[in-house]
Amino acid sequence: MQSGIDYRQLAVSGVQALQPYQPGKPIEELERELGISGILKLASNENPLGTSPKALAALTQALDSLELYPDGSGYQLKEAIARKIGLHDSQITLGNGSNDLLDIIARAYLDSSRAAVCAEYAFAIYPIEIQAVGAELRIAKANPPDHHSMPYGHNLPNIAAKIDDKTRVVFIANPNNPTGTWLDREALHGFLQRVPADVIVVVDEAYTEYVQQPDFPNALEWLDEFPNLIVTRTFSKIYGLAGLRVGYAASNPAVADILNRVRQPFNVNSLALVGAMAALEDDAFLQQSVLTNAAGLKQWLGACAENGWEYIPTVGNFITVDCKRPAAPVYNALLREGVIVRPLGGYGLPQHLRITIGTEAQNTRCINTLKKVLAA
Ligand SMILES: *Cc1c(COP(=O)(O)O)cnc(C)c1O
C-alpha cells in the first residue's frame, strides 16, 4: 500500500468490528462454480410460488416512466398500507426492504453513547446495525437447546435484564429467523409492559402472514398502548417481492416523523412502490402462499419424524434442522447435488441448516437429497 495507511484502520471502530452479512448463495454463483443447471435454492426464505401476479401486471405497466423520480413520500403506498392495517398514514415509514428500516432506526436512535439489545440467534442484521453506528451491542442469552418448550428462542427475561439507562433500542424478531421460534401474545405483551417507555422496541414481523398459531400476536394492535413500539413488515417474503426491496415500519407518528427525516429521500424506487401497492391487494396470492407453506411445513415435519431429524420449532416459511454433526460438509454436499440451503455457523449454530419451505416437489427433492447426503 503506497500511502502506508491501512484504510481498514481508518474506519470508525464499530465498523471495523463488523462481519459482513452472509446471504444465501445465489443460483447463478453455483451454476458458475459447478457448471450445472436445475439448481434448487431454499436458502433465503423466498416465496416458492414466485411473485404476486397482480404485482407483476402492475410492474409491466410502470416500466414506461422510469425517467421520473419516484414519489419521495410514497404517498399512495403509505395510504394503502395504512388503510389495510387500520392505521393513519402518518404512522407509516417506507423502507428499501425492511432492512433499510432497521438501519434507519439505528441511525435515528443509537450512537456511541447508547446501547441496544437483541437475542442470541436473532436475525443477523440487528448486530450489524447496532455496531455500525458505534452503539454498544448487548446480546441476551436465548432459551437453552434442551428441556425447553421453545429451544433457541428469544428469552424475554434475559432481554429485559440487559436494559438499563443506556439502552435505547431492543430488536425482537417474531417469529425469529433463523430459528423459526416465536413469542406468544401474553409473553410479548407482558414484556412491552415492563420495558421503560423511553426504550424503542422494534418487533420485526417479516414472516407474520405465514403464522397460523392461534396465540400468535399482531403487534400492530399494541401501537396505541405502547408509543415506544415500532413494528416492521416486508414485501420480500410472502408477497414474493424480495428483488424489489420494499418494506415498512408502523409506529406512533412522532417516531415515524423521526424515521422519515433519516431515510434517503427516494429510498423506495418507483417499481417497488407500484409492485407493493398491487401485491397488497392480491389476497388470492397471499392465501395460496399460506396454504402452500402450511402443507410444505407438514411435509417437512413428517420427513423429520420419519428420518429422526431434530429441528427447532417453527411457524415461519423455513425449518432449521439439527444435523447432529458439523453442518458445513452437509451443506457442501447438498450444493454438489444442486440444492442450496443456509448454513448457520455465523449464527453460532454450526450443526444446523436452515431450509426454506418450498413447493411439494421442491421439498421432496430437498428431503431426498438431505437423506442421501446424511447417509453417505
Ligand atoms: C427476511 C427478513 C427480513 C426482510 O428483509 P427485507 O429487507 O425486507 O428483505 C426482515 N427481518 C427478518 C427477521 C427476516 O428474516
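Cut-offs used in this document
- Residues numbered from 1 in each chain as written.
- Predicted model: local features only at pLDDT ≥ 70, side-chain atom pairs only at ≥ 80, totals over all residues.
- Heavy atoms only, no water.
- UniProt positions renumbered as here; feature names shortened; annotations may be inferred.
- Pairing = 2+ DSSP bridges.
- Helix = DSSP H or I, 4+ residues; strand = E, 2+ residues; numbered from the N terminus.
- Axes fitted to C-alpha atoms, helices over the stretch in contact; angles between N-to-C directions.
- Contact = heavy atoms within 4.5 Å.
- Buried < 20%, exposed > 50% of the residue type's maximum accessible area, 1.4 Å probe, protein only.
- Polar contact = N/O pair within 3.5 Å; in protein donor to acceptor, adjacent residues only side chain to side chain.

An unreviewed UniProt entry lists the chain under the name Histidinol-phosphate aminotransferase, with Candidatus Thiothrix phosphatis as the source organism. UniProt, in the comment section headed Pathway (unreviewed entry), describes the chain in these words: "Amino-acid biosynthesis; L-histidine biosynthesis; L-histidine from 5-phospho-alpha-D-ribose 1-diphosphate: step 7/9."

S.K.: Explain the sheet that holds strand 10 (residues 318-322) to me, please; I cannot follow it from the model alone.
M.R.: In a beta sheet, neighbouring strands pair by backbone hydrogen bonds and run either parallel or antiparallel. Pairing within the open sheet is antiparallel, and its four strands lie in the order 9-10-13-12. Unpaired on one side and paired on the other, strand 9 (310-312) and strand 12 (342-344) mark the two borders of the sheet. Each neighbouring strand pair of the sheet contributes to a mean axis angle of 35°, computed without reference to strand direction. Together, strand 12 and strand 13 (349-356) form the strand contacts of helix 12 (residues 327-336), whose direction differs from that of strand 13 by roughly 35°.

S.K.: Quick question: what am I supposed to make of the pairing of strand 7 (residues 229-234) here?
M.R.: Successive side chains on a regular strand alternate, one facing one side of the sheet and the next facing the other. Of all six residues in strand 7, six are buried; the element is thus mostly enclosed. Because side chains alternate across strand 7, one face comprises the buried residues Leu229, Val231 and Arg233, and the other comprises Ile230, Thr232 and Thr234, equally buried.

S.K.: Can you help me understand the UniProt feature "domain: Aminotransferase class I/classII large" (unreviewed entry) in the chain in this one?
M.R.: Annotation from UniProt places "domain: Aminotransferase class I/classII large" (unreviewed entry) at residues 39-369. A helix fraction of 37% and a strand fraction of 18% characterise residues 39-369, whose end C-alpha atoms lie 12 Å from each other.

S.K.: Sorry if this is basic, but what is going on with the sheet that holds strand 3 (residues 115-119) here?
M.R.: Ordered by their spatial adjacency, seven strands build an open sheet running 2-8-7-6-5-3-4, and the pairing between neighbours is mixed. Looking at strand neighbours, the two that pair on one side only are strand 2 (92-95) and strand 4 (136-140), the edges of this open sheet. Between one strand axis and the next, the sheet turns by 20° as a mean value, whatever way the strands run. Where strand 3 lies against strand 4, five bridges are found, and the strand directions are parallel. Across the sheet, the residue bridging to valine 117 is arginine 138, located in strand 4. Its contacts with the sheet put helix 9 (residues 253-262) on strand 2, strand 6 (200-204), strand 7 and strand 8 (247-250), and the angle it makes with strand 2 is roughly 30°.

S.K.: How do you make sense of the UniProt feature "modified residue: N6-(pyridoxal phosphate)lysine" (unreviewed entry) in the chain when you look at a structure like this?
M.R.: UniProt tags Lys237 as "modified residue: N6-(pyridoxal phosphate)lysine" (unreviewed entry). Assignment of secondary structure puts lysine 237 in the loop between strand 7 and strand 8. The class of lysine 237 is buried, set by a relative accessible area of 14%. The contact partners of lysine 237, leaving out residues within four places of it in the chain, are Ser44, Asn45, Asn47, Ala206, Tyr207 and Tyr210. One polar contact links lysine 237 to tyrosine 207, side chain to side chain, over a distance of 3.1 Å.

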